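This is what each chain is made of:
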Amino acid sequence: MKKLFIFLFFSVLWMALFIFSAKNNATPPATNTTSTLSATLNGSLWTPITVSGSVSSGFVKIVGSAGISTFEVYITSTSPGTYQLNKSSKSMITYIQIQPRNTYSSASGSIVVASYSNNVIVGTFQGSCMNVTGGKDSVSVTKGSFSVYIH
């Protein structure tokens with residue numbers, strides 16, 4: 001009887017070890033949720049404090065906020081390619097100053113989507129943005145880049 005008890009005890013212990021060691025300990029692949037956006041505006045580097053990305057009504061919307069200003073990139077698709085910025089284009093870039101209140105919207109330029117994978121869109125942009133709030137000034141946008149997780 002004692003031998004049977006020892007045999008059962010070790011059998012149960014062995015099965016428990018087997019079951020727990022067979023548990024899937026694989027780590028799921030990491031998802032990049034860190035987003036970046038930057039551009040040179042009239043020769044000065046602009047970087048935001050926060051960056052977010054979303055898809056709404058068929059548009060990819062990337063928004064960077066620096067507190068006193070906001071930069072927005074609107075793209076008509078996540079597909080890699082070049083999206084022209086002009087008066088007839090639905091893709092656009094917009095720079096908004098809080099004080100003084102001015103909004104600059106793209107009149108020319110382009111957005112290049114290099115890739116879209118695992119909800120991360122990566123690309124570059126450049127263009128000329130005209131003041132649409134009454135001023136006659138413009139903002140030159142160069143060296144624009146983004147790598148944004150789309151929620």
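In the block above lies the structure referred to throughout.
Just so it is clear, the model here is predicted, and its values are computed rather than measured.

**Q** Could you give me a rundown of the nonpolar core, with the residues and numbers involved?
**A** It is characteristic of soluble globular proteins that their nonpolar side chains tend to be buried jointly. With 25 residues, the main nonpolar core has Phe 71, Ile 75 and Phe 125 as its most contacted residues. If you list the elements that add at least two residues to this core, you get strand E1 (36–41), strand E4 (59–65), strand E5 (69–75), strand E7 (92–97), strand E8 (102–117), strand E9 (120–131) and strand E10 (138–149). Discounting residues that sit within four places of it in the chain, Phe 71 has contacts with Leu 37, Leu 41, Trp 46, Ile 62, Val 63, Gly 64, Ile 93, Thr 94, Tyr 95, Phe 125 and Val 141.

**Q** Pulling in residues and values, what's your account of the side chain of Ser 69?
**A** As for its position among the elements, Ser 69 is in strand E5. Classification of Ser 69 by relative accessible area gives buried; the value is 4%. Among the polar contacts listed, one links the side chain of Ser 69 to the side chain of Trp 46, at a separation of 2.7 Å. Each residue touching Ser 69, except ones within four places of it in the same chain, is listed here: Trp 46, Gly 64, Tyr 95, Ile 96, Gln 97 and Ile 98.

**Q** Could you give an account of the side chain of Ser 38, with specific residues and numbers?
**A** Relative to the elements of secondary structure, Ser 38 occurs in strand E1. By relative accessible area, Ser 38 is classed as buried at 19%. Apart from the residues within four sequence positions on either side, Ser 38 is in contact with Leu 45, Trp 46, Thr 47, Phe 125, Lys 143, Gly 144 and Ser 145.

**Q** Explain the environment of His 151 to me, using residue names and the numbers behind them.
**A** With respect to the helices and strands, the residue His 151 is situated in the segment after E10. Residue class for His 151 comes out exposed when judged on its relative accessible area of 68%. For the pair His 151 and Ser 54, spaced 97 residues apart in sequence, the C-alpha separation works out to 5.1 Å. Leaving out residues up to four positions away in the same chain, His 151 has contacts with Gly 53, Ser 54 and Val 55.

**Q** Just give me the short version of the pairing of strand E3 (residues 50–56), but keep the residues and values in it.
**A** Here E3 pairs with E4 via 7 bridges, running antiparallel. Bridge assignment links Gly 53 to a residue of E4, and that residue is Ile 62.

**Q** Outline unusual backbone geometry, listing residues and values.
**A** With an omega of -10°, the peptide bond between Gln 99 and Pro 100 qualifies as cis. Checked against the element boundaries, Pro 100 lands in the loop between E7 and E8. Residues other than glycine seldom take positive phi values, yet Asn 42 does so here, at roughly 50°. Here Asn 42 shows up in the loop between E1 and strand E2 (44–46). Judged by relative accessible area, which is 48%, Asn 42 ranks as partly exposed. Unlike most non-glycine residues, Asn 118 shows phi in positive territory, near 55°. Turning to its location among the elements, Asn 118 is positioned in the loop between E8 and E9.

About the thresholds
- Residues numbered from 1 in each chain as written.
- Predicted model: local features only at pLDDT ≥ 70, side-chain atom pairs only at ≥ 80, totals over all residues.
- Heavy atoms only, no water.
- Core = buried A, V, L, I, M, F, W, Y, C linked by side-chain atoms within 4.5 Å.
- Buried < 20%, exposed > 50% of the residue type's maximum accessible area, 1.4 Å probe, protein only.
- Helix = DSSP H or I, 4+ residues; strand = E, 2+ residues; numbered from the N terminus.
- Contact = heavy atoms within 4.5 Å.
- Polar contact = N/O pair within 3.5 Å; in protein donor to acceptor, adjacent residues only side chain to side chain.
- Pairing = 2+ DSSP bridges.

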